[in-house]
Amino acid sequence: LGGPPPGGHAIGVDVTSCSPGTAPASGAPFSVAAGWYYHFAVTCNGTYGPDGMGETMRFTPHNTDTNTDLATLTETGGGQFTYDDNGTTTHDYAPAGHYAIRATLVHPGVNTCQWHVIVYQGP
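In this report, we go over the structure that sits alongside the text. Fair warning: this is a prediction, and the values are worked out from it, not measured in the lab. (Residues numbered from 1 in each chain as written. Predicted model: local features only at pLDDT ≥ 70, side-chain atom pairs only at ≥ 80, totals over all residues. Heavy atoms only, no water.)

### Details of the pattern of salt bridges
Here the idea is simple: oppositely charged side chains can pair when their charged atoms come close. Quick reminder of the rule: Just to be clear on terms, a salt bridge is a Lys or Arg side-chain nitrogen sitting within 4 Å of an Asp or Glu carboxyl oxygen. Each residue gets one of three labels from its accessible area relative to the maximum for its type: buried under 20%, exposed over 50%, partly exposed in between, using a 1.4 Å probe on protein chains only.
Inspection of every chain in the model, using the stated rule, returns two salt bridges. A salt bridge links Arg58 to Glu55, with the nearest nitrogen and oxygen atoms 2.9 Å apart. The exposure class assigned to Arg58 is partly exposed, which follows from its relative accessible area of 32%. Looking at Glu55, the relative accessible area reads 33%, which means it is partly exposed. Residues Asp69 and Arg102 are paired through a salt bridge, measuring 3.8 Å at the closest nitrogen-oxygen approach.

Quick look at the structure:
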């Protein structure tokens, strides 16, 4: 996974799990100032359609202060029949608050995925 930008730092949320799950793993929210972001990587096995797996996992930051979700990011796998999908995505968020990132499978029972999330505070 990519690291923080110059002047940024990890805030201690570093979770590797099988799906579904949350980051932090306990589901308890983490506290973050404005300008935070996260990286995720996903590896999936399974089949879905003749042209690959399509969408495999979704990551949704949930603000526990306002009980609202931020934009969901979806990991998409390609390949034929079985495919290991390794992707890393960075997404910036401005709002400060308390969050838990929910990791869900798009096609439960079809794909099995392992994921890794790290949360960073920007400079």
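### Points about the environment of His98
Which entries qualify depends on this criterion: Strands are runs of DSSP state E lasting at least 2 residues, helices are runs of H or I lasting at least 4, and numbering of each runs from the N terminus. Two residues form a contact once any of their heavy atoms are found within 4.5 Å. Each polar contact in these results corresponds to two N or O atoms within 3.5 Å; when the atoms are within protein, one needs to be able to donate a hydrogen and the other to accept it, and residues that are neighboring in sequence are counted only if both atoms are side-chain atoms.
Here His98 lies in strand 9 (residues 97-105). As a C-alpha pair, His98 and Thr66 span 32 residues in sequence and 9.0 Å in three-dimensional space. Leaving out residues up to four positions away in the same chain, His98 has contacts with Pro29, Phe30, Ser31, His62, Asn63, Thr64 and Asp65. Reaching out from His98, the side chain makes a polar contact with the side chain of Asp65 at a distance of 3.0 Å.

### Section: the pairing of strand 9
To keep things clear, this is the line we draw: A pair of strands is labelled paired if DSSP reports no fewer than 2 bridges between them.
Here strand 2 (residues 21-23) runs beside strand 9; their pairing, made up of three bridges, is antiparallel. Residue Thr22 lies in a different strand from strand 9, and its bridge partner there is Arg102. Sheet topology places strand 3 (residues 30-32) next to strand 9; three bridges connect them, and they run antiparallel. Bridge pairing links Val32 to Gly97 in strand 9.

### Considering the side chain of Thr60
Among the secondary structure elements, Thr60 is positioned in strand 5 (residues 54-63). Its relative accessible area of 12% is what places Thr60 among the buried residues. Only 2.7 Å separates the side chain of Thr60 from the side chain of Thr72, close enough to count as a polar contact. Among all residues touching Thr60, those that are not within four sequence positions of it are Asp69, Leu70, Thr72, Ala100, Ile101 and Arg102.

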